[in-house]
Amino acid sequence: MSDRRWKTLRRNKTAMVGAVIIGMFVVVAVFAGVIGRYDPEARQDEFRAEPSAAHWMGTDKNGFDMWSRMVHGARASLMAAVCAVAFALFIGVPLGLIAGYRGGWIDGTIMRVVDVMLAFPSVLLAVAVAALFERTSLFTVILAVGVVMVPTFIRQVRAAVLQVKPLEYVTAARALGASDRRILFRTVLPNCIAPIVVLATLSTGVAILDAAGLSFLGLGPEATVPEWGVMLKDGFSLVRQNLYWIWLPPGLAIALTVLGFNLLGDGLRDAFDPRQI
Amino acid sequence: MSGNGDLLVVRNLKKYFPIRKGVFSRVVAQVKAVDNVSFHIDRGETLGLVGESGCGKTTLGRAILRLIEPSAGEIAFDGVDVLSLKGAAMRRMRRRMQIIFQDPYSSLNPRMTVLDIVGEALHVHGIARGREREERVKQLLERVGLASRYVNRYPHEFSGGQRQRIGVARALALNPSFIVADEAVSALDVSIQAQVINLLVDLREEFGLSYLFIAHDLSVVRHISDRIAVMYLGEIVETAGSDDLFDRPLHPYTEALLSAVPVADPTRERARIVLTGDVPTPIDPPSGCHFHPRCPLVEKICSEVPPGVTDAQNGHTFRCHVVARQFPDEATTPVESAAP
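None of these values were measured; they are calculated from a predicted model.

### A few points about the overall build of chain A
- The helix and strand inventory of chain A stands at twelve helices and zero strands.
- The secondary structure elements of chain A, listed N-terminal to C-terminal, are α-α-α-α-α-α-α-α-α-α-α-α.
- The buried share among the 277 residues of chain A stands at 48%.
- In chain A, 68% of the contacts between residues at least 6 apart in sequence involve partners at least 24 apart.

Shown next as structure tokens:
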């Protein structure tokens, strides 16, 4: 990214707020073991204890410390989202590049498969993928969320390639005798990075939400694993009771991280906009 | 027809773009962008190619380099049948034939440094890497009139004229013998145009280059070309030595084009021939001679029979029924075996 774009991004206050939110959660996730104080999957105290000096966020129905579960949940949720997006990038970028660059029947075939995948509601598709496994875990959540995002990635990358392909510098690379592979990775891909970065950022927010959603539906890791969706499911039945410390923190954490990624993604989109001065 | 000095011989080259419609992509029509074009370029020679916008000049230039795959015809480069080359063999051939683009903005990759843009070809063909490559790129930059300290800059840091010089350096990197200059100066200011043209002329002497110089500005073309070919609606209608063409235009279309060139002499009276109508669409070109709907000399035969190639001597050829009558019958080759 050029200096000019960095400056545009740095001046964008909402984007910086998003970056700070994400940064905070990342720090928490990385140092979860230190910050967490307790083992998140071991009974510490009585059940559903109110917040106190020993347990800042109280304890849940199993007597597990909520604070350390929240902190370790950040690690699980962020990792799941990042892995799912990485999976979508790994599959979606090469297929999108090939579809856009080669065109013809290859493009037709790939895009028809994409159309079929997009025809299903994403939650339904994710549930279907998760249901393929006998025992669901964080890994199956990653896979389900990743698979659901692949068609969008293919589409966006293909659209970006179609914009770059007719430009003369691509023809120039061909005129020099560069191979198709070289043209794709050295000429076309670097000029498609901007929309891919924006998409990946926005998708990470969506992935956190989807992963939590799957866990909430019972298609995620076991109930004792510290993960925000699982915790939210635990607290769901308690909303009517005055046990706010069990259901409020995971809900807020999910909302806040998704907000952070959306703000940063929007800011990146503005920074990459060629019409920016 | 073609002596031993030929570097490039193009014969009956065609490029039709199909227009597809409907669910099954049925071909409903063809855009005949290049239709049966034949010409040759000698070693060290510059052929100017002129014509209105949309007449197929750019398509022709790119079809020769196979940046657009021709539909039919023959291209012989230094005796090698270019159209039969595949994959790696074609990429090796590209070392010898290069192109300079019209738009100095879209023709340079914005995410590469000058070093990578100019040096890419050296890397691709394994000619030079690392330090050596940088040295070569610096030499090339100096040669086209840019400071060698610019190697690590990006295209957006340069002006239009400087960018076009980078484009020239890129084309020169492989030490080619033939360059297609596709409207290479059309996008530049007049003062910069002159500098770039002079650079191209100098490089031609120094490296023994042949050019196909595509342009729509006749005075520019006259200055740089040894011979000029005039194109109309996908066909070459007249070819002649530069001065010959200007002194003795034979095709009525060439005459009309030349009359549009301003002369820096207010005392000289000139008849301005203004063509009526627009360029017809190449999807369904007029029958017979493509020029007949706009031609001041039009006769009945013009809309019925495509004109053959008439040899007016000194390598001057044209395609016109009416003007051909000033020449003996045997000077005209009928259209079936036409090859000027």
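### Some remarks on the overall build of chain B
- Check the secondary structure of chain B and you find ten helices and 13 strands.
- For 340 residues, the compact-globule estimate of 2.2 N^0.38 gives 20 Å, and chain B sits close to it at 21 Å.
- Overall, chain B is about 65 × 60 × 45 Å in size when its C-alpha atoms are taken along their principal axes.
- Of all 340 residues assigned to chain B, the portion counted as buried reaches 41%.
- Across chain B, every contact between residues at least 6 apart in sequence was considered, and the portion connecting residues at least 24 apart equals 64%.

### Digging into the pairing of strand S2 (residues 26–42) of chain B
- Here twelve bridges tie strand S1 (residues 6–21) of chain B to S2(B), and the two strands are oriented antiparallel to one another. Across the sheet, residue B:Lys21 finds its bridge partner in S2(B), namely B:Arg26.

### Overview of the sheet that holds strand S5 (residues 80–81) of chain B
Residues and elements named next belong to chain B.
- Taken together, four strands build an open sheet; the order of strands is S2-S1-S4-S5 and the sheet is antiparallel. Looking at the sheet topology across the chains shown, the edges are occupied by S2 and S5.
- Sheet topology note: the S1/strand S4 (residues 72–77) ladder contains five bridges and is antiparallel. Note on S4: the bridge partner recorded for Lys-14 is Ala-72.
- Packed on one face of the sheet, helix H1 (residues 57–64) meets S1, S2 and S4 and runs near 70° to S2.

### A closer look at the nonpolar core
- Core analysis: the largest hydrophobic core is formed by 163 residues, its most contacted members being A:Ala84, A:Val145, A:Ala211, B:Phe213 and B:Val230.
- Leave out the neighbours within four places in its chain, and A:Ala84 touches A:Ile142, A:Val145, A:Gly146, A:Met149, A:Ala207 and A:Ala211.

### Quick look at the interface of chain A and chain B
- Across the boundary between the two partners, chain A contributes 16 residues, which contact 20 residues of chain B.
- Contributions of two or more residues to the side of chain A that touches chain B are made by helix H8 (168–175) and helix H9 (180–188) of chain A.
- Among the elements that make up the side of chain A that touches chain B, the one with the highest residue count is H8(A) (seven residues).
- Here the side of chain A that touches chain B is composed, by residue class, of eight nonpolar, five polar and three charged.

### Side note on helix H6 (residues 190–207) of chain B
Residues and elements named next belong to chain B.
- Here H6 spans 26 Å end to end across 18 residues, near enough to the 26 Å set by a 1.5 Å rise per residue.
- What H6 keeps buried is the set Val-196, Ile-197 and Leu-200. All buried residues of H6 fall inside an arc of 100° around its axis, so they share one side. Relative to its buried face, H6 has exposed residues pointing more than 90 degrees away, namely Ser-191, Glu-205 and Glu-206.
- Where the residues of H6 are buried, they touch helix H5 (160–172), strand S7 (178–182) and helix H7 (218–224).
- Downstream of H6 by a residue or two, Gly-208 has a phi angle that is positive, lying close to 60°.

### A few points about H1(B)
Residue and element names in this part refer to chain B.
- Burial analysis of H1 places eight of its eight residues in the buried class, the great majority of the element.
- Of all the positions in H1, only Lys-57, Thr-58, Thr-59, Leu-60, Gly-61, Arg-62, Ala-63 and Ile-64 are classed as buried.
- Remark: Arg-66 follows H1 within two positions and exhibits a positive phi of approximately 60°.

### Overview of the packing of helix H7 (residues 138–164) of chain A against helix H10 (residues 193–216) of chain A
Residue and element names in this part refer to chain A.
- Remark: H7 packs on H10, axes separated minimally by 10 Å, with the N-to-C direction vectors making an angle of 155°. It follows from the interaxial angle that H7 and H10 lie roughly antiparallel. Crossing geometry of H7 relative to H10 is assigned as right-handed. Contact with H7, carried on its side by Val-141, Ala-144, Val-145, Val-148, Met-149, Phe-153, Gln-156, Val-157 and Ala-160, involves Pro-195, Ile-196, Leu-199, Ser-203, Ala-207, Asp-210, Ala-211, Leu-214 and Ser-215 of H10 and no other residues of that element.

### A word on the sheet that holds strand S10 (residues 235–241) of chain B
Residue and element names in this part refer to chain B.
- As summarised here, the arrangement of the nine strands in space is S6-S7-S8-S3-S9-S10-S12-S11-S13, forming an open sheet in which the pairing is mixed. Two strands lie at the open edges of the sheet, namely strand S6 (97–100) and strand S13 (332–333), each paired on one side alone.
- Across four bridges, the pairing between S6 and S7 is parallel. Of the residues in S7, the one forming a bridge with Ile-100 is Ala-181.

### Considerations on the environment of A:Asn242
All names here are of chain A.
- On the secondary structure map, Asn-242 appears in the loop between helix H11 (228–236) and helix H12 (244–272).
- Accessibility expressed as a C-beta count within 10 Å gives 8 for Asn-242, which makes it exposed.
- Residues Asn-242 and Ala-144, spaced 98 residues apart in sequence, show a C-alpha to C-alpha distance of 34 Å.

### Let's talk about unusual backbone geometry
Residue and element names in this part refer to chain B.
- A positive phi angle is found at Asp-78, which is not glycine, with a value near 55°.
- Counting through the fold element by element, Asp-78 comes out in the loop between S4 and S5.
- Assessed through the 15 C-beta atoms surrounding it within 10 Å, Asp-78 is described here as partly exposed.
- Residue Asn-314 is not a glycine yet carries a positive backbone phi of 60°.
- Position of Asn-314 among the secondary structure elements: in the loop between strand S11 (309–311) and strand S12 (317–318).

### Overview of the packing of H8(A) against H9(A)
All names here are of chain A.
- One can describe the packing of H8 onto H9 by two numbers: an axis separation of 10 Å at closest approach and a directional angle of 140°. Taken together, the axes of H8 and H9 lie oblique to each other. Note on packing geometry: the crossing formed by H8 with H9 is right-handed. Residues Tyr-169, Val-170, Ala-173 and Arg-174 of H8 touch H9, and the partners they reach there are Ile-183, Thr-187 and Val-188.
- Tallied by class, residues from the contact of H8 with H9 come to five nonpolar, one polar and one charged.

Parameters at a glance
- Residues numbered from 1 in each chain as written.
- Chains lettered and ligands numbered in written order.
- Predicted model: local features only at pLDDT ≥ 70, side-chain atom pairs only at ≥ 80, totals over all residues.
- Helix = DSSP H or I, 4+ residues; strand = E, 2+ residues; numbered from the N terminus.
- Buried ≥ 20, exposed ≤ 12 C-beta atoms within 10 Å, placed from the backbone.
- Contact = placed C-beta atoms within 7 Å.
- Rg over C-alpha atoms; globule rule 2.2 N^0.38 Å.
- Pairing = 2+ DSSP bridges.
- Axes fitted to C-alpha atoms, helices over the stretch in contact; angles between N-to-C directions.
- Core = buried A, V, L, I, M, F, W, Y, C linked by C-beta atoms within 7 Å.
- Nonpolar A, V, L, I, M, F, W, Y, C, P; charged D, E, K, R; others polar.
- Expected span 1.5 Å × (residues − 1).
- Arc of directions from axis to C-beta.
- Parallel < 35°, antiparallel > 145°, perpendicular 65-115°, else oblique.
- Left-handed = near helix turned anticlockwise from the far one by under 90°.

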